[in-house]
Every structure is written in structure tokens, then in C-alpha cells.
Amino acid sequence: MILIEPSLASADQLNLQTHIDTLKNAPSLHLDIEDGNFVPNITFGLKTVRAVARYAKQRLDAHLMVSQPENYVLDLLQMGVHSIAIHIEAGQYPAVQLQAIRKGGGRAGLAFNCMAPIEAGLAYREWIDYLLIMTSEPDGMGQRFNEHILQKISRARTLYGPEMEIMADGGIGEEQMAAVAACGANVIVMGRTIWNAPDPQEQYGVLMERLQRYGEQ
């Protein structure tokens, strides 16, 4: 089954509680945590994440786009965040953080920016529960979907096998989601496509139905 994971970073930040309630039928929500250093933007601080974790009934998956993931992992696990993805480019010793996530009871993800070769993660295969592959980057042009990353997703599916969960994140809209799924992604992170719709709950349901019909073909 292919899942869509709504990204709270693209929601109206003044109405997070309302948006969480709106998508109560979504099994999980995505938290892009950006520190203004690893990437130019700043999204959620730990205080905001803690408030979201206390309120939300959905599972929370965190994507750490930060320079020092070790400063976040334990706090996020204590808040009850289910899965945490760290970037392979963010530190010299990814295995340490991947093992810390698992030891704390979370699922450990390894994330790759567009420029990072997917083969580099094979050295950490035994500590990885899922891959997160960025399909856009902070380019100053609205984080546009990069169609060339489809080949990277396909390559990841071949290298890591059918059991590995692959999450795709970045600029994915209605026009791209079928192609992303066809290349082997199990989880598709979507933000603006959901939150900019007149009815985000209805939009989420429509997109999920389309993906499931595609998967049955």
C-alpha cells in the first residue's frame, strides 16, 4: 500500500491545531524540522513539536534537516515521535544517530539530498528502517520537483530490495505522485497540494484514492 504523508510545514502555522484535526483520518503526519543552517529555512522548534506531539493522535514522523541531529534525537523520542530521518550529509558518523534512534524505540531513517548518492547508505544498511529521498532542494524557486530524482528512487529500490520503505519528499504534486510511486516509493510526502486545497481533508482522500487505484493497475 502506498501512503501519502501530509507535511505540517506547509500548513498555515497559525492554525496547526485546526489542520491536525482536519486530517484526523491520516495515519501519520510529517514534520520537516529545519534549523536555518543545514537549510536556509527555519520551521519548527522543539517547543512547537512538543505541543504538536501532545495534541496529535496521528503518528508523527520527523525529518531532521539540521546540522547537528544529535541535539534533537533524544528529545523527539521522548515526545513520542515515531520515526526520525537524519541526513547522511549532516554528520561524520550517521551510524551513531541511527543506532540511538533505534535504541530509543524509534524507527531510523536515512535521508538524502538531491546531490547525495543513494549508494552511500549501503554502509549503514543494518541500522536503517527506511530511506527518505529528497525530490527537490531549497533552490529559491519554490522547491520544485526534480524529475531526474525518479531514477534515484528506482536505483534505491533495486539496491535496498523490496522490503525497504522508501519515502519521497519535496515538491510532489498531483502530476508527479504516480510517477514517484511507479519508481518504488512507498510513502509520498505532500504539503502545498493538500493544504492549498479548499478542503484539505477532501483533497487528501481524493489523492489517496487515486494512488490506490494506480497501485491496483
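Conventions used here
- Residues numbered from 1 in each chain as written.
- Predicted model: local features only at pLDDT ≥ 70, side-chain atom pairs only at ≥ 80, totals over all residues.
- Heavy atoms only, no water.
- Phe/Tyr/Trp six-rings, centres within 6.5 Å; stacked < 30°, edge-to-face > 60°.
- Lys NZ or Arg CZ within 6 Å of the ring centre and 35° of its normal.
- Salt bridge = Lys/Arg side-chain N within 4 Å of Asp/Glu carboxyl O.
- Helix = DSSP H or I, 4+ residues; strand = E, 2+ residues; numbered from the N terminus.
- Buried < 20%, exposed > 50% of the residue type's maximum accessible area, 1.4 Å probe, protein only.
- 1 Å grid on protein atoms, 1.4 Å probe; cavity = no way out; pocket = protein on both sides within 12 Å on 5 of 7 lines; lining within 4 Å.
- Points joined across faces, edges and corners; volume = space filled by probe spheres on them.
- Nonpolar A, V, L, I, M, F, W, Y, C, P; charged D, E, K, R; others polar.
- Pairing = 2+ DSSP bridges.
- Right-handed = clockwise from strand over helix to strand, strands pointing away.

Caption draft 1: Broad picture of the packing of aromatic side chains. Scanning all chains against the criterion turns up zero aromatic pairs. A cation over an aromatic ring shows up here: Lys57 above the ring of Tyr55, its NZ or CZ 5.8 Å from the ring centre.

Caption draft 2: Region of the structure containing the pattern of salt bridges. Under the defined criterion, the tally for this structure stands at six salt bridges. Asp61 is the partner of Arg59 in a salt bridge, and the nearest nitrogen-oxygen pair spans 3.1 Å. For Arg155, the salt bridge is made with Glu119, and the minimal N-O distance between the two is 3.0 Å. Placement of Arg155 in helix H5 (residues 149-160) and of Glu119 in the loop between strand S5 (107-112) and strand S6 (130-134) is noted, with a sequence separation of 36 residues between them. Its relative accessible area of 38% is what places Arg155 among the partly exposed residues. Exposure remark for Glu119: the relative accessible area of 35% places this residue in the partly exposed category.

Caption draft 3: How the structure looks around the layout of surface pockets. The computed volume of the largest pocket comes to approximately 460 Å³. In terms of lining, the largest pocket is formed by 26 residues, of which the most central are Ser7, Ser10, Asp32, Gln143 and Arg192. Taken together, the elements giving at least two residues each to the lining of the largest pocket come down to strand S2 (28-34), strand S8 (187-190) and helix H7 (192-195). Grouping the amino acids of the lining of the largest pocket by side-chain chemistry returns nine nonpolar, 12 polar and five charged.

Caption draft 4: Spatial organisation of the pairing of strand S7 (residues 165-169). Burial analysis of S7 places five of its five residues in the buried class, the great majority of the element. Neither face of S7 is exposed, since Glu165, Met167 and Asp169 on one face and Ile166 and Ala168 on the opposite face are all buried. The pairing of S6 with S7 spans five bridges and is classified as parallel. Note on S7: the bridge partner recorded for Leu131 is Ile166. Relative to S8, S7 runs parallel, the two being bridged by three bridges. From the neighbouring strand, Ala168 faces S8, where its bridge partner is Ile188. Handedness of the crossover joining S7 and S8 through helix H6 (residues 177-182) is recorded here as right-handed.

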